[in-house]
There are 2 protein chains.
Amino acid sequence: MKADYVIKHAWVYMTFRQCFEKRDVAVSGERIFEVSPEISSETQYMIDGRGMYLIPGLVDIHMHIESSMTYPKEFSPFGLKAGTTTVVADAHEIANVFGMEGIRTFMEQKTDLDIFYAIPSSVPATSIELETSGYSIGEQETRELLEDSRVLCLGEVMNFKELVPEDGSDTKILRLIRMCKETRGRDIRLEGHCPKISGRDLNQFIFTGVDADHTQQTAESVLEKTDLGMFLELQKKSLTNPVVETVCKNRLYENVALVTDDTMPDQLLKGQLNQVIALAVKTGMPVEQAIYCSTYTPARRMRLDDRGMIGPGKLADLVLLRNLEDFRPAAVFKSGKLVYQDPEENRFKNASAKKVGENPQSFSFPSHFYHSVHCVQADPSLFTLKAEKPGSGVLANVIKINSFGTATDAMQREIPVRNGRICWQEAGLCLAVVFERYGKNGNMAFGLVEGAFQKQGAAATTWSHDSHNLLVLGNSPEDMALAQNRVLALQGGYVVCSGNKVQAEARLNVGGIISDGPLNQLAEDLGKVREAMAELGYLNNNEIMSMSTLALPVSPSLKITDYGMLEVRSQRPVPLIAKYLP
Amino acid sequence: MKADYVIKHAWVYMTFRQCFEKRDVAVSGERIFEVSPEISSETQYMIDGRGMYLIPGLVDIHMHIESSMTYPKEFSPFGLKAGTTTVVADAHEIANVFGMEGIRTFMEQKTDLDIFYAIPSSVPATSIELETSGYSIGEQETRELLEDSRVLCLGEVMNFKELVPEDGSDTKILRLIRMCKETRGRDIRLEGHCPKISGRDLNQFIFTGVDADHTQQTAESVLEKTDLGMFLELQKKSLTNPVVETVCKNRLYENVALVTDDTMPDQLLKGQLNQVIALAVKTGMPVEQAIYCSTYTPARRMRLDDRGMIGPGKLADLVLLRNLEDFRPAAVFKSGKLVYQDPEENRFKNASAKKVGENPQSFSFPSHFYHSVHCVQADPSLFTLKAEKPGSGVLANVIKINSFGTATDAMQREIPVRNGRICWQEAGLCLAVVFERYGKNGNMAFGLVEGAFQKQGAAATTWSHDSHNLLVLGNSPEDMALAQNRVLALQGGYVVCSGNKVQAEARLNVGGIISDGPLNQLAEDLGKVREAMAELGYLNNNEIMSMSTLALPVSPSLKITDYGMLEVRSQRPVPLIAKYLP
């Protein structure tokens, strides 16, 4: 067999020693053919890798393409540009909206990037008694997905109460887990989502076989989960100094993968998993280990034996780096094919240097995907809270947003009542309203939020995890109504209003959660949405994610669905009014 | 769920941190239920682990039960006594003799020890043109085995020439590999055997997907194979100071498993994988890492996610140790059940303290398994070499045994010729004769050996890897004939003769390779065989293995089959006489 090309004289990453050595790498077809100190090959084509670093293509095993509000074909070139050559996508957002049909539209898209899939285990995130989603993923859908060899795992099992039922009953998730094991035996991974679970609860969680977690970690949770055998997937919010120090001090690199989970469209323009690596390194992880945790460890977790390292027989998924600081690839090869090169780089003359994003990838979804938001037109009068009993005020249960991350706290606040109205605005709060948007039951639920907008204004979105009902948040009824109606007119999107004007908007016309337009445009629009939210005083490291997860009833502590506010751990409803004050 | 018992206050092995912590471990049924600093359980039964170490059951992923010349049921209690709770057995010896029928008789035996299986990939080790075995394992047999979920891998692929054919042809082994991948996808491992292969050859070997090796390593081979992505299984002969130092210095614990490969019956009485651990520690591997490499790493290699560590949901395969020096278990639990305790230990009052080996396990093989050695009666005159041409002597090709390991060297020696006879005895050599023993073709092949018996005598055996033809080795034709005839009378065994007397013998009445009697007796007999061989001056760390592998044509460098001597690397025949001297 002859090599098609040889990358010469680069510093090549030696996976098992976690170091670099000067090597030549020969590629034949899709695969690496030989790795040797010197290959004097008969091939015509040599790539000069002198002074560069060659690492395996990055492997991102926990992510949602919908978090970039786009679709596989458009995502692919941006992932590749960042050096990511393989992802395991959990399409649970599109599944919440369109069920199996949504998942199928993703899986049928051909991409240079290798996209494997997780079975969305928790669609809806809780149950149809607690939230309304477009579709459920149940046993029939799971059985169908298990037949596809691109399906590698059961995706983030979220609902502790269903996984470890107090009464020992046989729940849907337990049946899905059994089905996975019976159908696939050893060839399936069970991925979990267990924030703030520890002690006996954590033992019971892991006992079910669900043995990975990608939620926010602390040094203590890393140690406890690791000792109990849990695999940890660290995303940016987990990469704090104490967590990274714990990982490094205990050399947990075999048991830790870096993942993106959610990359917003505007972030995706800047990078993907490479940005998580850069952050890990900045936080103190040695670069050789950060590479390991984003190539070999994740590939092994997902049983992708054909990648994650540079060795004979492995896929020629290769990333050339000019340095080990910024992690911006000079060139990326996927299955032997040059799929990206830095426009400033001219070493790879045989390749076309087209700019990523210049030729957006088109894909047509079924026509009803573009008409999927069915709920009432808003009127400012909707956003009023009436007191049902007389009195001077109420003690209200309030969702408190934190300035970092998506976890909220449950608070109680005294709010004055005047003329039978609960004057939440005077208490400096925002009103959150969730409208069921699938045309199923017309649910409408109210919650109060502290720490959202400090100035007068509102935002509305159909991109509200995981059920993607229409969420309206604000402190100005006029702006709330305007935002809501604009989202309806767009058939999905993210809209920010103030002063009775639309300040920014991003259109998400497919299912209300993704855009079929070019990512560059979407990212620009979404950047403006983010700015507009910040301008209104929304204080969070990711304003959009923070607002959107207000409706995610598996993320601690107090959240709101179209059925009302919910205490996440107990899955018990929480009334808006705790007490009427005399 | 309630725990059946709790092991309290032991130092429990934390797999991912490779250290010990004081923990309580609760067991429910087959599985570990909880691991916590303090379990105040409702269970009635507590085991006091104070002052003891609790580690996961040992996992031996490369071994042959036939190397202990016994069968699964009899092997099981001895493995468990050593702390080994899981093995992956490659039944390629019984497969060489009886084909699928032989493998099936192994797989149908119920044992407390978990026995998984490798598909014998190389039966016969080379091809029917180069050696005669009882049976071949081909595509049909492989297909049948792949259907059994206990089959985890394609066992040691040995034949470089067939795996990497010079003419690029499609060989049997390449077809078997394809079948494995097509049938099982990611859920199958391809295990290799590639001694002394390096450089471009090694790249080509690994390119086929065969990415593990358990043969004798050097520091250099460890580094080269590791860098190319090969998984290493280290048996005793690889545990030299340079190898262990290389593993430790580069922290290759994720990529290295300790294995036994071949444990002779007399060794098995003393221990099994625990002895390899003890040697690794003695050679410089930290004990915490040696435990890792014999529990978690091997379990992961074989995708046995349900074991290899102590955590909730894992099988309760547990070994209690009094110290971390001798690795003699105080108690062993398999799938929650106490299967062994040291007779001197009385902590576990609820368990019967029966002595391992006291109640040998019986199993009846099909009757023709006891009548399987079909070859000619010997006569001393058989063991004569005639010169075909006139002259003073010959230059002969000679197999040189080394004092360590099973690899031989190819030498040439001048031997005088007198009266038409080649006087090999005068040159201080031994004669090796291989008789085809399946009644297929009556082959008989002659070779000369240096470094075997120094005194007058002979040995004969049907336990000659891998085809198990009848091998007779000696420097006294009378003793050779006597030994051969005794083996025939026993229908298989190992016999040593000198002074025209049988000095020692071990009966291997099932297929000529295993005994259906108690292991204790067999071990005693075999110990005597070993002593008798040493007494005759056979210089090797394992006399029996050294002699038996003279017939193994995939172990370097020069070996002999029933077709004659063979250069292993090229698989070319080597004539006994290189040149007639004038």
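Residues numbered from 1 in each chain as written. Chains lettered and ligands numbered in written order. Predicted model: local features only at pLDDT ≥ 70, side-chain atom pairs only at ≥ 80, totals over all residues. Heavy atoms only, no water.

A. Inspection of the overall build of chain A at higher detail. When you go through chain A residue by residue, the secondary structure sums to 15 helices and 29 strands. Seen along its three principal axes, the alpha-carbon backbone of chain A occupies a region of about 90 × 50 × 45 Å. Going through the 582 residues of chain A one by one, you find that 66% of them count as buried. Across chain A, contacts joining residues at least 24 apart in sequence account for 68% of those joining residues at least 6 apart. For chain A, the computed accessible surface area is about 20,200 Å², with 48% contributed by carbon and sulfur atoms. When the 61 positive and 73 negative side-chain charges of chain A are each reduced to one mean point, those points stand 2 Å apart. (Helix = DSSP H or I, 4+ residues; strand = E, 2+ residues; numbered from the N terminus. Buried < 20%, exposed > 50% of the residue type's maximum accessible area, 1.4 Å probe, protein only. Contact = heavy atoms within 4.5 Å. Areas by Shrake-Rupley, 256 points an atom, 1.4 Å probe, with all protein chains shown as cover. Lys, Arg positive; Asp, Glu negative; His and termini not counted. Charge placed at Lys NZ, Arg CZ, Asp CG, Glu CD.)

B. Layout of the relation of the copies chain A and chain B. Screw-axis analysis of chain A against chain B gives a translation of 0.0 Å along the axis, an RMSD of 0.1 Å, and a rotation angle of 180°. When the rotation and shift are considered jointly, the pair of chain copies conforms to a two-fold rotation axis. Relative to the rotation axis, the closest C-alpha in chain A is found at aspartate 187 of chain A, a distance of 2.9 Å. Of the interface residues in chain A, 100% have counterparts in chain B that sit at the interface too, so the contact is made through matching surfaces. (Least-squares fit on C-alpha atoms with pLDDT ≥ 70 in both.)

C. View of the packing of aromatic side chains. One pass over the structure, following the stated rule, counts 29 aromatic pairs over all chains. An aromatic cluster is built from Tyr71, Phe98, Phe363, Phe365 and Phe369 of chain A, whose rings are joined through pairwise contacts. (Phe/Tyr/Trp six-rings, centres within 6.5 Å; stacked < 30°, edge-to-face > 60°.)

D. Local environment of the interface of chain A and chain B. Taken together, the contact pairs 45 residues of chain A with 45 residues of chain B. Summed over both partners, the interface of chain A with chain B comes to about 4,000 Å²; 50% of that surface belongs to carbon and sulfur atoms. At the junction of chain A and chain B, the tally comes to 14 salt bridges. Of the charged contacts in the structure, one is a salt bridge between arginine 300 of chain A and glutamate 254 of chain B, with a shortest N-O distance of 3.8 Å. Run the count over chain A and chain B and you get 12 residue pairs in polar contact (both at pLDDT 80 or more). Taken together, the elements giving at least two residues each to the side of chain A that touches chain B come down to strand E3 (31-36), strand E9 (151-157), helix H6 (199-207) and helix H7 (219-227) of chain A. (Buried area = accessible area lost by both parts, 1.4 Å probe. Salt bridge = Lys/Arg side-chain N within 4 Å of Asp/Glu carboxyl O. Polar contact = N/O pair within 3.5 Å; in protein donor to acceptor, adjacent residues only side chain to side chain.)

E. Region of the structure containing the sheet that holds strand E28 (residues 572-574) of chain A. Residues and elements named next belong to chain A. Ordered in space as E26-E27-E28, the 3 strands form an open sheet in which the pairing is antiparallel. With partners counted over all chains shown, the strands left at the sheet margins are strand E26 (558-561) and E28, one partner each. Each strand axis lies, on average, 45° off the axis of its neighbour in the sheet, ignoring direction. Two elements, strand E27 (residues 564-567) and E28, share 3 bridges in a ladder whose sense is antiparallel. Bridge pairing in E28 links methionine 565 to valine 574. (Pairing = 2+ DSSP bridges. Axes fitted to C-alpha atoms, helices over the stretch in contact; angles between N-to-C directions.)

F. Representation of the confidence of the model for chain A in the model. Here chain A averages 95 in pLDDT, while 97% of its residues score no lower than 70. Among the prediction metrics, the complex's ipTM stands at 0.91, with pTM recorded as 0.93. (pLDDT = per-residue confidence, 0-100.)

G. Molecular detail of helix H8 (residues 241-249) of chain A. Along H8 of chain A, the residues classified as buried are Val243, Val244, Thr246, Val247 and Cys248 of chain A. Downstream of H8 of chain A by one or two residues, arginine 251 of chain A has phi in the positive range, about 50°.

H. Structural detail: helix H10 (residues 273-282) of chain A. Regarding H10 of chain A, the residues found buried are Leu273, Asn274, Val276, Ile277 and Ala280 of chain A. Seen along its axis, H10 of chain A keeps its buried residues to an arc of 155°; they face one direction. (Arc of directions from axis to C-beta.)

I. A look at the pattern of salt bridges. Per the stated rule, a full pass over the model turns up 74 salt bridges over all chains. In this structure, the salt-bridge partner of glutamate 38 of chain A is lysine 8 of chain A, at a minimum N-O distance of 3.1 Å. Of this pair, glutamate 38 of chain A sits in the loop between E3 and strand E4 (45-48) while lysine 8 of chain A sits in strand E1 (residues 5-14), and the two are 30 residues apart along the sequence. The buried category is assigned to lysine 8 of chain A, whose relative accessible area is 10%. The partner of glutamate 505 of chain B in a salt bridge is arginine 486 of chain B, with the nearest N and O atoms 2.6 Å apart. Pair noted here: glutamate 505 of chain B is in strand E25 (residues 501-507) and arginine 486 of chain B is in helix H13 (residues 477-490), with a separation of 19 residues, a long-range link.

J. Representation of the sheet that holds strand E26 (residues 558-561) of chain B within the structure. Residue and element names in this part refer to chain B. Ordered by their spatial adjacency, 3 strands build an open sheet running E26-E27-E28, and the pairing between neighbours is antiparallel. At either margin of the open sheet sits one strand with a lone partner, and together these are E26 and strand E28 (572-574). Ignoring which end each strand starts from, the neighbouring axes of this sheet average 45° apart.

K. Seen up close, the state of the cysteines. Inspection of the entire model under this criterion finds 0 disulfides over all chains. The thiol of cysteine 293 of chain A is unpaired, and the distance to the nearest cysteine sulfur, on cysteine 248 of chain A, comes to 8.3 Å. In this structure cysteine 293 of chain A comes out as buried when scored by relative accessible area, which is 0%. Cysteine 19 of chain B carries a free sulfur, and the closest cysteine sulfur to it, the one in cysteine 293 of chain B, is 15 Å from it. (Disulfide = S-S within 2.5 Å.)

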